[in-house]
Amino acid sequence: MGLKSATNPDVEAVAIELSIDGKPVTAKDGVSLYDVISSTGKIIPAMCYHYTFDPFGSCGMCLVMQEGKKAPVRSCTAKATAGMIIRTEGDDLFQARKKAVEKHLSVHPLDCPVCDADGHCELQDMAFRHGVTNLANAKQKFIPEDTRSPVLDFNMNRCIACAECINVCKDVLLIDALQFMKKGGFNQVVPKGDLALSCEFCGDCLAVCPVGAITNKFSKYLYKPWQMK
Ligand code: SF4
Ligand code: SF4
Ligand code: FES
């Protein structure tokens with residue numbers, strides 16, 4: 001992982017042409033397909049995408065159909081190449097994205113009313129947007145909350161494993177205080193070495209988290225921080 005090469009002015013690539021929803025689009029060869037689609041003004045659903053970082057490709061939301069492929073492709077990790085024919089809309093894509101939301105929610109606590117991110121949560125938005133109202137075979141993780149840090153609490157039951165908190169801390173702040181670790185059968189975000197978090201406590205990891213997995217110990221359960229802005 002690292003900062004996206006497309007943001008590096010030293011990187012040069014040849015211009016190519018591809019088709020998106022029937023319209024010709026010019027892009028740089030090898031750039032994330034998601035970025036090329038966004039450059040046309042279309043915003044397709046995405047949760048683990050962040051314009052700053054190399055794509056992580058974990059949420060399964062940014063699906064598009066590429067001519068010649070049977071299954072939808074993740075547009076954030078797919079690279080634009082010359083002659084690609086891409087479709088970004090359709091009931092098949094809606095249903096595939098809905099399935100991805102259901103998969104996340106099937107292991108996610110339904111504790112929105114007491115979650116700091118309630119009303120400002122990308123998973124909640126995706127569930128609403130895709131009409132997710134019924135979850136078959138839901139199974140909670142029941143991971144104990146990590147309250148060892150003096151400021152931030154980590155609720156890994158809510159984590160969708162997008163890696164944005166880890167990336168912002170490592171590549172933007174250059175502090176590198178967080179990591180993924182397999183614990184209790186789940187891939188969890190933990191402070192480096194799985195010790196109590198010791199860092200600058202800038203809060204940027206909390207700010208980029210698309211759900212409510214990282215919370216401010218002092219405001220938790222008192223108010224929704226995004227409503228105070
Ligand atoms: S508060 Fe800032 S320094 Fe600490 S883990 Fe989060 S992003 Fe890194
Ligand atoms: S804690 Fe939040 S930002 Fe970090 S990986 Fe989980 S969902 Fe993503
Ligand atoms: S945004 Fe592409 S997989 Fe998450």
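Bear in mind that the values here come from a model prediction, so they are computed numbers and not experimental data.

### What to know about the sheet that holds strand S3 (residues 63-66)
Okay, so step 1: Here we have five strands laid out as an open sheet, ordered S2-S1-S5-S3-S4, and mixed in their pairing. Of all strands in the sheet, those bounded by a partner on one side alone are strand S2 (23-28) and strand S4 (73-74).
Okay, so step 2: Against the sheet, helix H2 (residues 91-105) touches S3 and strand S5 (85-87), its axis set at about 140 degrees to S3.

### Things to note about the domain arrangement of the protein
Okay, so step 1: Domain parsing of the protein yields domain 1 (5-89) and domain 2 (107-228).
Okay, so step 2: Each of domain 1 and domain 2 has a C-alpha centre, and the two are 27 Å apart.
Okay, so step 3: Each side of the interface is counted separately: domain 1 has 12 residues, and domain 2 has 17 residues.
Okay, so step 4: Buried area between domain 1 and domain 2, both sides added, is near 1,100 Å², and the carbon and sulfur share of it is 68%.
Okay, so step 5: Together, Met47, Phe53 and Phe56 form the three largest contributors to the area buried by domain 1 at its contact with domain 2, with a combined 56%.
Okay, so step 6: Along the contact surface separating domain 1 from domain 2 lie zero salt bridges.

### Quick word on the site of ligand 2
Okay, so step 1: Around ligand 2 sit 13 residues in total, of which Cys159, Cys162, Ala163, Cys165 and Cys209 are the nearest.
Okay, so step 2: Considered class by class, the residues forming the shell around ligand 2 number 13 nonpolar, no polar and no charged.

### Considerations on the environment of cysteine 209
Okay, so step 1: With respect to the helices, strands and loops of the structure, cysteine 209 is situated in the loop between helix H5 (204-208) and strand S9 (214-216).
Okay, so step 2: For the pair formed by cysteine 209 and asparagine 155, sequence separation is 54 residues and the distance between their alpha carbons is 12 Å.

### Details of the pairing of S3
Okay, so step 1: The side-chain alternation of S3 yields two buried faces, one formed by Leu63 and Met65 and the other by Val64 and Gln66.
Okay, so step 2: As judged from the two bridges shared by S3 and S4, these two strands associate in the antiparallel manner. Looking at S4, one finds that valine 64 is bridged to valine 73.
Okay, so step 3: A loop of six residues connects S3 with S4, the two strands running antiparallel in sequence, and glycine 68 in this loop sits at a positive phi of about 100 degrees.
Okay, so step 4: Bridging between S3 and S5 involves two bridges; their strand directions are antiparallel. Looking at the pairing, glutamine 66 lines up with isoleucine 86 of S5.

### Quick notes on the site of ligand 1
Okay, so step 1: Looking at ligand 1, there are 13 residues lining it, with Cys169, Cys199, Cys202, Gly203 and Cys205 nearest.
Okay, so step 2: When the residues that make up the shell around ligand 1 are grouped by side-chain class, the tally is 11 nonpolar, one polar and one charged.

### Concerning the nonpolar core
Okay, so step 1: Membership of the largest hydrophobic core comes to 33 residues, with the highest contact counts inside it found for Val101, Leu123, Phe154, Leu178 and Val189.
Okay, so step 2: Put simply, the parts of the chain that give this core at least two residues each are H2, helix H3 (122-129), strand S6 (152-154) and helix H4 (164-172).
Okay, so step 3: When residues of this core are sorted by domain, at least three fall in each of domain 1 (5-89) and domain 2 (107-228).
Okay, so step 4: With residues near it in sequence (within four places) discarded, phenylalanine 154 still touches Glu145, Asp146, Leu178, Val189, Leu197, Ala213 and Ile214.
Okay, so step 5: With 20 residues, the next largest nonpolar core counts Ile37, Ile44, Met84 and Ile86 among its residues.

### Notes on the packing of aromatic side chains
Ring pairs (aromatic) are described by centroid distance and by the angle formed between their planes.
Okay, so step 1: Tallied over the full model, the rule gives two aromatic pairs.
Okay, so step 2: Measuring from ring centre to ring centre gives 4.2 Å for tyrosine 34 and tyrosine 49, while their planes differ by 35 degrees; the resulting arrangement is tilted. Of this pair, tyrosine 34 sits in helix H1 (residues 33-39) while tyrosine 49 sits in the loop between H1 and S3, placing them 15 residues apart in sequence.
Okay, so step 3: Residue classification places tyrosine 49 among the partly exposed residues on the basis of a relative accessible area of 21%.
Okay, so step 4: An angle of 15 degrees between the planes, with centres 6.0 Å apart, marks the rings of phenylalanine 56 and phenylalanine 180 as stacked. Placement of phenylalanine 56 in the loop between H1 and S3 and of phenylalanine 180 in strand S7 (residues 178-183) is noted, with a sequence separation of 124 residues between them.
Okay, so step 5: Residue phenylalanine 56 is classed as partly exposed on the basis of its relative accessible area of 32%.

### A look at the environment of isoleucine 43
Okay, so step 1: Structurally, the position occupied by isoleucine 43 is in the loop between H1 and S3.
Okay, so step 2: Take isoleucine 43: its relative accessible area is 61%, and that puts it in the exposed class.
Okay, so step 3: When the C-alpha positions of isoleucine 43 and cysteine 62 are compared, they lie 9.4 Å apart, and in sequence the two are 19 residues distant.
Okay, so step 4: Here isoleucine 43 is in contact with Tyr34 and Arg129, once residues within four sequence places are set aside.

Conventions we followed
Residues numbered from 1 in each chain as written. Chains lettered and ligands numbered in written order. Predicted model: local features only at pLDDT ≥ 70, side-chain atom pairs only at ≥ 80, totals over all residues. Heavy atoms only, no water. Pairing = 2+ DSSP bridges. Helix = DSSP H or I, 4+ residues; strand = E, 2+ residues; numbered from the N terminus. Contact = heavy atoms within 4.5 Å. Axes fitted to C-alpha atoms, helices over the stretch in contact; angles between N-to-C directions. Domains from an automatic or database assignment. Buried area = accessible area lost by both parts, 1.4 Å probe. Salt bridge = Lys/Arg side-chain N within 4 Å of Asp/Glu carboxyl O. Near = heavy atom within 4 Å. Nonpolar A, V, L, I, M, F, W, Y, C, P; charged D, E, K, R; others polar. Buried < 20%, exposed > 50% of the residue type's maximum accessible area, 1.4 Å probe, protein only. Core = buried A, V, L, I, M, F, W, Y, C linked by side-chain atoms within 4.5 Å. Phe/Tyr/Trp six-rings, centres within 6.5 Å; stacked < 30°, edge-to-face > 60°.

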